[in-house]
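Reading the structure
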Amino acid sequence: MSLPQKKVIAPSLLSADFGHMADSAVIAKEGGAEYLHFDVMDGAFVPPITFGPQMVSALRPVTDQFFDIHLMIEHPERQIESFAKAGANGVTVHVEACTHLQRVLQQIREAGMKAGVAFNPHSSVDALEWVLDTADLVLVMTVNPGYGGQKFLPLMLHKIAEVRDIVSKAPHDIHIEVDGGITPETAAKCAMQGATAFVAGTSVYGNPKGASEGIAALKGALHER
Ligand code: DX5
Ligand code: ZN
């Protein structure tokens, strides 16, 4: 089995206060989140526009967390080097945005980062088998990308299990990440199917008791406290 033993929480800055991003990054670190998730949107692959590598380099000095970049953009291959220079640790590209997926994943690794591949809810994971040796993370979208605060799609639980079966054939560790509508309840369900990395925007930064409580609740549900 090639799943990492330790589960990780990745608070999504999309739900943080854009006027105080550095504070939000520090809060996530202090709350015990191993990853910090950056949702990069270009107004083309998804309707909204968010931020780019400048945000990554601005936050790099404030925390040593793993910077997990989710590129919801067309032509991601054009942006890999900029994110590497900015201090990203991992870059995930969408299968739907890559004509030459294996080449892009290779490019991410050659830039010194972990390579991730994301699948929209309607996309089959058949391609995974053919890029397995070049992937460090598989992102199963549990909502349609573009917006925070959407409802978890329960059909994706089956897809996580499908990904787990494929990933188990890899000789190296591969994270299975879930993103969209992740709460303590849905995180626990995803973990049962094999998910090991949990992106959460609303349930962390929108938690009425604070982001640290949100992270603690997720860890509690995953028995990682
Ligand atoms: C959606 C993004 C997510 C988003 C998740 O396109 O990829 O990372 O921030 O937000 P929640 O946790 O609120 O569903
Ligand atoms: Zn995301």
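Reference entry: report on the structure contained in this document. (Residues numbered from 1 in each chain as written. Chains lettered and ligands numbered in written order. Predicted model: local features only at pLDDT ≥ 70, side-chain atom pairs only at ≥ 80, totals over all residues. Heavy atoms only, no water.)

1. Quick word on helix 4 (residues 101–110)
Since the α-helix turns once every 3.6 residues, residues separated by three or four places project in the same direction. Rule in force here: Residue exposure (1.4 Å probe, protein chains only): buried if accessible area is under 20% of the type maximum, exposed if over 50%, otherwise partly exposed. Comment: elements are numbered from the N terminus, with helices defined as DSSP H or I runs of at least four residues and strands as E runs of at least two. The arc refers to the directions leading from the helix axis to the C-beta atoms. Residue contacts follow a heavy-atom distance rule, with two residues in contact if any of their heavy atoms lie within 4.5 Å.
Buried within helix 4 are the following residues: Leu101, Val104, Leu105, Gln107 and Ile108. Projected down its long axis, helix 4 shows its buried positions confined to an angular sector of 155°, all on one face. Away from its buried face, by an angle of more than 90 degrees, helix 4 presents the exposed residues Arg103 and Glu110. Packing partners of the buried residues in helix 4 comprise helix 3 (80–86), strand 4 (90–94) and strand 5 (114–119). Of the residues one or two after helix 4, glycine 112 is the one with positive phi, at around 90°.

2. A look at the sheet that holds strand 2 (residues 35–41)
The criterion, for reference: In this scheme, strands are said to pair when DSSP sees at least two bridges between them. Every axis corresponds to a line fitted to the C-alpha atoms, with the helix fit spanning only the stretch in contact, and the corresponding angles, defined between N-to-C directions, vary from 0 to 180 degrees.
Taken in spatial order, the 8 strands make up an open sheet running 1-8-7-6-5-4-3-2, and their pairing is parallel. Since the sheet does not close on itself, it has two edges, and those belong to strand 1 (8–11) and strand 2, each with one partner. Taking each pair of neighbouring strands and ignoring which way they run, the sheet shows an average axis angle of 25°. Where strand 1 meets strand 8 (residues 197–200), 4 bridges bridge the pair, whose relative direction is parallel. Pairing of valine 8 across the sheet is with alanine 197, part of strand 8. Set on the sheet, helix 4 makes contact with strand 4 and strand 5; between it and strand 5 the angle comes to about 145°. Relative to the sheet, helix 5 (residues 156–167) contacts strand 5, strand 6 (137–141) and strand 7 (175–179), its axis offset from that of strand 6 by approximately 165°.

3. As for the nonpolar core
Just so we agree on the cut-off: Among the buried residues, those of types Ala, Val, Leu, Ile, Met, Phe, Trp, Tyr and Cys that are joined through side-chain atoms within 4.5 Å form a nonpolar core.
One finds Phe38, Ile69, Val91 and Leu128 to be the most contacted residues of the largest nonpolar core, which totals 64 residues. For phenylalanine 38, the contacting residues outside a window of four places in its chain are Leu13, Phe51, Met55, Val56, Leu59, Phe67, Asp68, Ile69 and His70. Core analysis: the next-biggest nonpolar cluster, separate from the first, contains 6 residues, Val8, Ala10, Tyr35 and Ala197 among them.

4. Details of the packing of aromatic side chains
Convention followed: Pairing of aromatic rings covers Phe, Tyr and the six-membered ring of Trp, with a centre-to-centre limit of 6.5 Å; geometry is then stacked below 30 degrees between planes, edge-to-face above 60, and tilted otherwise.
Going through the model one piece at a time under the given rule, you end up with 4 aromatic pairs. On the numbers, 5.8 Å between centres and 45° between planes, the contact of phenylalanine 18 with phenylalanine 51 is tilted. Residue phenylalanine 18 is located in the loop between strand 1 and helix 1 (21–30), and its partner phenylalanine 51 is located in the loop between strand 2 and helix 2 (53–59); the two are separated by 33 residues in the primary sequence. Its relative accessible area of 42% is what places phenylalanine 18 among the partly exposed residues. For phenylalanine 51, a relative accessible area of 11% corresponds to the buried category.

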